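# Survey of secondary and tertiary structure
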Amino acid sequence: MKTRLYNARILSMVEGQEIFNGEIHIDGSRITYVGGKTDGGTFDKEIDCQHNLLMPGFKNAHAHSGMSMLRSLADDKPLDAWLNEDIFPVEAKLTGDDIYWASQLSVLEYLTSGITACFDMYMEQEWVAKAMDDMGFRCVQTGGVNDFSKDVRWIDYMYNKYNVPGSLQSYQLGFHAEYTTNIDNLKTIASVVQKNKAPLYVHACETEAEVKGCVERYGKTPVTFLDSLGMFDYGGGIYHGVWMSEEDYDTMKRRGLYMVTNPGSNTKLASGIAPISEYLKRGITVAIGTDGPASNNCLDFFREMFLVAGLAKLRDNDAAALDAREVLKMATVNGAKAMHLDDCDVLAKGKKADIIMIDLMQPNMQPINNIEKNLVYSGSKQNVKMTMVDGKILYQDGKFCNEINPENIYNKVSKIG
């Protein structure tokens, strides 16, 4: 399938390249041309973009897609009570089939928000992979194991099963958190890291209580303690990273760890405001995640981008603390790097065709003084005109494509609920 997207404004996110007028050509799942207007060629489909914006899809670098089943069941509580009193007991009742449909519901929301890939951590991961494959959606999973789930060695099996070239599904080593995993299991996870010489991802330093608990147990903060076990010898990253020490920053820089901030969830659970400026100052790469739809409760990347920028300014008491262009980089390029989707980061020849079209002919995008600022400070899901994953259009002009049946998904989720 050869596709031509023409008459477009293009934000490629290639370093140093400004927005320009032109077109993009796609052959199968790959981009074959990004540049100025051409004299044509032979295509199976041609789309006039009508001067709207083409850009890389957003990368949701931390998600729990199956938690859409729990949306609005447990709100207005701090994290520890939210997890132990409400979330964990309900999750114990979920089957693989339940999580399959809940994950597909989240994909619908991802597509309407311009998200073309997610970094998912949840239970019944083979069911999640099937759900994502059936939707034609790109997903990197990471282990969510702990003391209450499958044997922690499960992540070794999944890592070696799902990292197949050419697949929409891939896998990175990970586990839920230090505070839900005993020392014997932590050491086993570290041995899996060493065996595979692979990066590892984990929730860390999300709340002040979590950090204090780890210091009481092991005399070290979560990041520093996990590193002492050899978990970050091959890189990886942490989710949240709100309550950090100097030693934590040093460890992250030395190990090349990514930090994935989740401002919507952290705000709603009152966990705190991540020190984004500190990460950037120290050369630590920051990506953005929504977290799960039970703690956020929506999967809206425009809201996340605004919160990343706004909360950083508020925390630093400095309106210049974080620039919109940097936030867009976090939402696209940095997310792809954190997820090891190296061919999904920018719009360029040879890259995967994970592309979104932003409708600029909406009141919130006018006047067009600065498109990048508009995206971060005034953009919304209403501006997502098209979402393409792997060269296939999955959402366009308010409708789901590629045989996606939203009504069936809504009905299934409703019955399960």
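Below is a short write-up of the structure. Worth saying up front: this structure is predicted, and the values here are computed from it rather than measured.

Helix and strand content of the chain: 14 helices and 17 strands. Taken over the C-alpha trace, the chain has a radius of gyration of 21 Å; the compact-globule value for 417 residues is 22 Å, and the two agree within 12%. Taking the principal axes of the C-alpha coordinates as reference, the chain spans close to 65 × 50 × 40 Å. Counting the 417 residues in the chain, one finds 59% classified as buried. For the chain, contacts bridging at least 24 residues in sequence account for 72% of all contacts bridging at least 6. Total accessible area computed for the chain in this model is approximately 16,200 Å², and 49% of it derives from carbon and sulfur atoms. Measuring between centres, the 43 positive side-chain charges of the chain sit 3 Å from its 55 negative side-chain charges.

Time to look at the packing of aromatic side chains. Per the stated rule, a full pass over the model turns up 12 aromatic pairs. Seen in terms of ring centroids, Tyr110 and Phe137 are 5.6 Å apart; in terms of plane orientation they differ by 20°. Their pairing is stacked. You can see Tyr110 sitting in helix α2 (residues 96-112) and its partner Phe137 sitting in the loop between α3 (125-135) and β8 (138-142), a full 27 residues away along the chain. Grouping residues by exposure puts Tyr110 and Phe137 together as buried. Centre to centre, the rings of Phe119 and Tyr201 are 4.9 Å apart; their planes meet at 70°, and the pair counts as edge-to-face. A residue pair is termed long-range when its members are at least 10 positions apart, and Phe119 in strand β7 (residues 115-120) and Tyr201 in strand β10 (residues 200-204) qualify at 82 residues. Accessibility expressed as a relative area gives 1% for Tyr201, which makes it buried. Three or more aromatic residues joined by ring pairs make a cluster, and in this case those are Phe58, Phe301 and Phe302. In this structure, Arg4 is placed above the aromatic ring of Tyr6, and the distance from its NZ or CZ to the ring centre is 4.4 Å. Above the plane of the ring of Trp154 lies Lys150, whose end atom (NZ or CZ) is 4.5 Å from the centre.

Quick notes on the rules
- Along each chain, residue indices are assigned from 1 in the same order as the chain's sequence is written.
- Where local features are concerned, this predicted model is filtered to residues with pLDDT of at least 70; where side-chain atom pairs are given and counted, the filter is 80 or more; whole-chain, interface and lining totals use all residues.
- Calculated side-chain values reflect all of the structure's heavy atoms, with hydrogen atoms and water omitted.
- A run of DSSP states H or I qualifies as a helix once it reaches four residues; a run of E qualifies as a strand once it reaches two. Both are numbered from the N-terminal end.
- Put simply, the radius of gyration uses C-alpha atoms, and a globule should come to 2.2 Å times the residue count raised to 0.38.
- Categorising residues by exposure relies on relative accessible area from a 1.4 Å probe, with only protein chains included: less than 20% of the type maximum marks a residue as buried, more than 50% marks it as exposed, and the intermediate range marks it as partly exposed.
- For this analysis, residues touch if any pair of their heavy atoms sits within 4.5 Å.
- The accessible surface values rely on the Shrake-Rupley method and a 1.4 Å probe; as for residues, cover is taken only from the protein chains in view.
- Neither His nor the chain ends contribute to the count of charged residues, in which Lys and Arg are positive and Asp and Glu negative.
- The atom standing in for a charge is NZ when the residue is Lys, CZ when it is Arg, CG when it is Asp and CD when it is Glu.
- Between 30 and 60 degrees the pair is tilted, below 30 it is stacked and above 60 it is edge-to-face, where a pair is any two Phe, Tyr or Trp rings, Trp via its six-membered ring, whose centres lie within 6.5 Å.
- Counted as over-ring charges are cases with an Arg CZ or a Lys NZ within 6 Å of the ring centre that also lie within 35 degrees of the ring normal.

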